[in-house]
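If you want the building blocks of each chain, they are given just below.
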Amino acid sequence: ARLDTMAHTDTLSGLLNRRGWDAQAGTLWANHERQDADLALLMLDLDWFKRINDSAGHEVGDQVIRVFGEILRAAVRRGDVVARVGGEEFAVLMPRADEAAARSLDGRLREMLRAKTIPGLPVRVGFSAGLALANAHDHNLEALLARADGALYQAKSLGRGRLEVAPFMSNLSHDYGSSTL
């Protein structure tokens, strides 16, 4: 059990790693398909993370990852699946969650992060977010991920520090619903 936990956990953030994400998110996706229940996916990316590493050093960058992991664990609901899926990229899969619930989580995360001081870091850390709500056009979890990732890319291209909501279809020419937080 200990080896399994180690194999599925990101040592820096304390969250699931990509392998752990694949296993647990896959189970939630299967439940979503069986029950036809709401399912929301938030993709989060720490803003200007490379600048943090370059200006304050990798130890401070690592501390930012650790703090963000702590904040995510404290903010999510029991049953949500949260993982560090890339360097400074995180994912939260929320069963039985609609847009309002996902926006609420986004707001809590931003508030908690603003309240946190990270030693050695002279600036506040922020993040960009992309939200996708599962629908009939999502034939698998990868399609939902692609839409959330597209919304995240849109949030970053519109200036960062914001949440963008993916359109219901994967055609990225649709308008995104944005909010600057």
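To keep things clear, this report deals only with the structure shown in the data block. This one's a predicted model, so the numbers in the text were calculated from it and none came from an experiment.

Rules of the game
Residues numbered from 1 in each chain as written. Predicted model: local features only at pLDDT ≥ 70, side-chain atom pairs only at ≥ 80, totals over all residues. Heavy atoms only, no water. Helix = DSSP H or I, 4+ residues; strand = E, 2+ residues; numbered from the N terminus. Rg over C-alpha atoms; globule rule 2.2 N^0.38 Å. Buried < 20%, exposed > 50% of the residue type's maximum accessible area, 1.4 Å probe, protein only. Areas by Shrake-Rupley, 256 points an atom, 1.4 Å probe, with all protein chains shown as cover. Lys, Arg positive; Asp, Glu negative; His and termini not counted. Charge placed at Lys NZ, Arg CZ, Asp CG, Glu CD. Core = buried A, V, L, I, M, F, W, Y, C linked by side-chain atoms within 4.5 Å. Contact = heavy atoms within 4.5 Å. Expected span 1.5 Å × (residues − 1). Polar contact = N/O pair within 3.5 Å; in protein donor to acceptor, adjacent residues only side chain to side chain. Salt bridge = Lys/Arg side-chain N within 4 Å of Asp/Glu carboxyl O.

**Examining the overall build of the chain**
Along the backbone of the chain there are 6 helices and 6 strands. Each helix and strand of the chain, placed in order from N terminus to C terminus, yields the pattern α-α-β-α-α-β-β-α-β-α-β-β. Against the compact-globule benchmark of 16 Å for 181 residues, the chain has a radius of gyration of 16 Å, which places it among compact chains. If one aligns the C-alpha atoms of the chain with their principal axes, the spans along those axes are about 45 × 45 × 20 Å. A burial count over the chain gives 48% of its 181 residues as buried. Split by element, the accessible area of the chain, about 9300 Å² in all, is 51% carbon and sulfur. The chain carries 22 positive and 24 negative side-chain charges, and their two centres are separated by 5 Å.

**Side note on the nonpolar core**
Core analysis: the largest hydrophobic core is formed by 35 residues, its most contacted members being L42, L44, L46, L72 and V92. In terms of residues, this core owes the most to one element, helix 4 (residues 58-75), which gives 8 residues. When residues no more than four places from it in sequence are discounted, the contact partners of L46 are V64, I65, F68, E88, F90, V125, G126 and F127. Core analysis: the next-biggest nonpolar cluster, separate from the first, contains 22 residues, W29, L39, L152 and A166 among them.

**Some remarks on the environment of H8**
Inspection of the secondary structure puts H8 in helix 1 (residues 2-8). Placed 11 residues apart in sequence, H8 and R19 show a C-alpha to C-alpha distance of 5.6 Å. H8 has contacts with L15, L16, N17, R19 and G20, leaving out every residue within four places of it along the chain.

**Overview of helix 4**
In a regular helix each residue adds 1.5 Å, so 18 residues correspond to 26 Å; helix 4 covers 25 Å between its end C-alpha atoms and thus fits that length. All of the buried residues in helix 4 are V60, G61, V64, I65, V67, F68, G69, I71, L72 and A75. If you follow the buried residues of helix 4, they end up packed against strand 1 (39-46), helix 3 (49-56), strand 2 (81-84), strand 3 (89-95), helix 5 (99-114) and strand 4 (127-133).

**Description of the side chain of S13**
Its location among the elements puts S13 in the loop between helix 1 and helix 2 (18-35). Only 3.1 Å separates the side chain of S13 from the backbone nitrogen of L15, close enough to count as a polar contact.

**Considerations on the pattern of salt bridges**
Opposite charge on two side chains permits pairing when their charged atoms draw close. This model, assessed by the stated rule, comprises 9 salt bridges. Its salt-bridge partner being R77, residue D80 comes within 2.7 Å of it at the nearest N-O pair. Ionic pairing is found between R162 and E164, a salt bridge with its closest N-O pair at 2.9 Å. According to the relative accessible area criterion, R162 is buried, its value standing at 12%.

Read these as geometric descriptors, not functional statements.
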